[in-house]
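# Structural characterization, general
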Amino acid sequence: MTEPLVLTSEQGPIGILTLNMAHKRNALNEEAIAAIDAYFSAVPAHIRAIVLMARGEHFCAGLDLKEHHAKARSGVEFMHVCQGWHRAFDKIQHGGIPVIACLQGAVVGGGLELASAAHVRVADSSTFFALPEGTRGIFTGGGATVRTARIISAPRMVEMMLTGRVLDAQEGRQLGLAHYVCDTVQGDTPAPALALQLAEKIAGNAPLSNYAIVSAISRIADMSATDGLFTEGLVMAMIQQGHDVQQRLGDFVHKKAHKVQLQR
Ligand code: 1HE
């Protein structure tokens, strides 16, 4: 029996999607993109946060270059493949459920495009980021020009692609490609454990607030300031109708809620 390309599991309200192609560094072929799309198209209602991780030493080596070579796709065929990636990754970014990516080793090409669609990125210290498309004679096709460029800026992405620069985990963190870097040699919590901890914390937020956070902010960033402020007000008006809002506010008023404080 052949191994599934992705594994799915649950820990309470946390869904876990694991890329399961370590033998080819989790390179993504058409079937794997379809599996990712299928998962994010039908997330069970009780799931409040999703951890996206990968088996093996590398998160994802990007486009399956062997498939691409073997199929020798035409321009139009590859356009459709790219649109399939766009559809799947848009469901990650705008599906309404927070996604925490847990990164290690190569996060390159389409692997970086996949990670860029997640809302929180936790890297272990082995992580490295690159966009080697230029050396392969292709271009980005899984959303990097939109998502990765917005994280690191368009000029930095141009430089990264032209020079083939490989960023280590800390350099990636400075640019926003990782939000957390876990160095287990330094005694940090391992990246998968931290990703799950963060997912649990996020799952404890009001679901409608999480929906607004992952759905509204990136869209408002595309709007004019006037439209953005108007939309923000509308989103707030809708979100504060949530069934648990009075309870949450009451907990604070009656000193039953946590206070905001620095955690070391
Ligand atoms: C692959 C792929 C792949 C590995 N497609 N099979 N991405 C890249 O240009 C990255 C290409 N990969 C690498 O640079 C390296 O493989 C890694 C740094 C990720 C890992 O190195 P290493 O030494 O651990 O593994 P390896 O020996 O290079 O590869 C192990 C196997 O995985 C090997 O197959 P095998 O049959 O010889 O065992 C590799 O061929 C296979 N493998 N990467 C297919 N990418 C929507 S557009 C997106 C555009 C892009 O993503 S372009 C960037 C593509």
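In this text, all values refer to a predicted model and were calculated from it rather than measured experimentally. (Residues numbered from 1 in each chain as written. Predicted model: local features only at pLDDT ≥ 70, side-chain atom pairs only at ≥ 80, totals over all residues. Heavy atoms only, no water.)

### A look at the domain arrangement of the protein
In plain terms, the rule: An automatic or database domain assignment provides the domain bounds reported here. Here, residues are in contact when the closest pair of their heavy atoms is within 4.5 Å. A quick way to say it: buried area is the sum, across both parts, of accessible area lost when two parts are put together, with a 1.4 Å probe. One side-chain nitrogen of Lys or Arg within 4 Å of one carboxyl oxygen of Asp or Glu is enough to make a salt bridge. Contacts described as polar in this section are N or O atom pairs within 3.5 Å, which, within protein, must combine one atom able to donate a hydrogen with one able to accept it, while residues neighboring in sequence count only if both atoms come from side chains. Under the convention adopted here, Pro, Cys and the residues Ala, Val, Leu, Ile, Met, Phe, Trp and Tyr are nonpolar, Asp, Glu, Lys and Arg are charged, and Gly plus all remaining residues are polar.
Domain parsing of the protein yields domain 1 (6–202) and domain 2 (205–253). Computed over C-alpha atoms only, the centres of domain 1 and domain 2 are separated by 27 Å. With 10 residues of domain 1 in contact, the opposing surface of domain 2 contributes 9 residues. Taken together, both faces of the contact between domain 1 and domain 2 bury some 800 Å²; the carbon and sulfur share is 47%. It is His 94, Gly 96 and Ile 202 in domain 1 that bury the most area against domain 2; as a group they hold 50% of the surface buried on that side. In this structure, Asp 222 engages Arg 150 in a salt bridge whose closest nitrogen and oxygen atoms are separated by 2.6 Å. On the surface where domain 1 and domain 2 come into contact, there are 4 residue pairs in polar contact (both at pLDDT 80 or more). For the side of domain 1 that touches domain 2, a count of residues per class yields 3 nonpolar, 4 polar and 3 charged.

### So, the sheet that holds strand E8 (residues 167–168)
Applied cut-off: DSSP calls a pair of strands paired once it identifies at least 2 bridges connecting them. Numbered from the N terminus, helices here are DSSP runs of H or I no shorter than four residues, and strands are runs of E no shorter than two. Angles run from 0 to 180 degrees between N-to-C directions of axes, and those axes are lines fitted to C-alpha atoms, restricted for helices to the stretch in contact.
Strand order across the open sheet formed by 3 strands is E5-E7-E8, with mixed pairing between neighbours. Whereas interior strands pair on both sides, the edge strands pair on one side only; in this sheet they are strand E5 (106–108) and E8. The pairing of E5 with strand E7 (residues 128–130) spans 3 bridges and is classified as parallel. If you follow Val 108 over to E7, its bridge partner there is Ala 130. Taken strand by strand, helix H4 (residues 110–117) contacts E5 and E7, and its axis lies near 90° from that of E5.

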